[in-house]
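Coordinate inspection notes
Next come the chains, spelled out residue by residue.
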Amino acid sequence: MRAFCAWCQREGGPAFLGEREPLDDDGETHGVCRRHLKNILAALPSPSFPDVTYLFVIRPNETALYDHLERAFLGVRGVKIIMERRAGDRRSAHRRAPRDRRQTDRRQPRGTAHALGYTTVRFGRAG
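Here goes a summary of the coordinates provided. (Residues numbered from 1 in each chain as written. Predicted model: local features only at pLDDT ≥ 70, side-chain atom pairs only at ≥ 80, totals over all residues. Heavy atoms only, no water.)

Thoughts on the environment of Gly124
To be explicit about the condition: Helix and strand definitions here come from DSSP, where helices need a minimum of 4 consecutive H or I residues and strands a minimum of 2 consecutive E residues; each element is numbered from the N-terminal end. Partly exposed describes any residue whose relative accessible area lies between the buried limit of under 20% and the exposed limit of over 50%, with all areas from a 1.4 Å probe on protein chains only and scaled to the type maximum. We call two residues in contact whenever any of their non-hydrogen atoms come within 4.5 Å of each other.
Note on placement: Gly124 falls in the segment after strand S7 (118-122). Residue Gly124 is classed as buried on the basis of its relative accessible area, which comes to 13%. As a C-alpha pair, Gly124 and Asp51 span 73 residues in sequence and 9.6 Å in three-dimensional space. Ignoring any residue separated from it by four or fewer positions in sequence, one finds Gly124 in contact with Ala42, Ala43, Leu44 and Pro45.

A word on the packing of aromatic side chains
Selection rule: Ring pairs are drawn from Phe, Tyr and Trp, using the six-membered ring of Trp, whenever the two centres fall within 6.5 Å, and their geometry is named by plane angle: stacked under 30 degrees, edge-to-face over 60, tilted for the rest.
Under the criterion given, the structure shown has three aromatic pairs. Between Phe56 and Tyr118, the ring centres sit 5.8 Å apart and the planes meet at 45°, which makes this aromatic pair tilted. Of this pair, Phe56 sits in strand S4 (residues 54-58) while Tyr118 sits in strand S7, and the two are 62 residues apart along the sequence. For Phe56, a relative accessible area of 12% gives the class buried.

Details of the nonpolar core
What counts here: Definition of nonpolar core: a set of buried residues of the types Ala, Val, Leu, Ile, Met, Phe, Trp, Tyr and Cys, connected through side-chain atoms within 4.5 Å.
In this structure, Phe56, Ile58, Leu65, Leu69, Val79, Ile81 and Tyr118 together form the largest nonpolar core, which totals seven residues. For this core, the secondary-structure elements that each account for two or more residues are S4, helix H3 (63-72) and strand S5 (79-83). Aside from chain neighbours lying at most four places away, what touches Phe56 is Leu69, Phe73, Val79, Lys80, Ile81, Ile82, Tyr118, Thr119 and Thr120.

Points about unusual backbone geometry
In this structure, the amide linkage connecting Glu21 to the following residue, Pro22, adopts the cis form with an omega of 0°. Turning to its location among the elements, Pro22 is positioned in the loop between strand S2 (16-19) and strand S3 (28-31).

Some words on the sheet that holds S2
Where we set the bar: By this definition, two strands are paired if DSSP reports at least two bridges between them. The angle between two axes is taken between their N-to-C directions and runs from 0 to 180 degrees, where each axis is a line fitted to C-alpha atoms and a helix contributes only its stretch in contact.
Read across the sheet, three strands follow the order S2-S1-S3 without closing on themselves; strand pairing throughout is mixed. Where the open sheet ends on each side, the last strands, each with one partner, are S2 and S3. In this sheet, adjacent strand axes meet at a mean angle of 30° when their direction is disregarded. Sheet topology places strand S1 (residues 2-5) next to S3; four bridges connect them, and they run parallel. Residue pairing in the sheet places Phe4 in a bridge with His30 of S3.

Structure follows, in structure tokens:
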């Protein structure tokens, strides 16, 4: 079965996402490409930060950047600056089930990582 991005098709651009099971079926199915998925996720409000439009997640070793952004965005509505707290992936290799069927990481990237030491996430507003 051939998969196409419905949003790309509507825009008239290249939409082919690849083959999906059942491989012997020559029909079509639809999905969402990474670019459109990112736009869809950005339009969703955040349940954790309901009043935030822009979230800056700063790497733990970038305390000077955190302090600078805190001062720069002080009093700006809809902007929140936080430090990254995750120490790593909770699913470590030694704790995985012997036959893990997952082919890829299911966590969808919601933000844009920047080389300067932070990630930005844009949220939509709750209706």
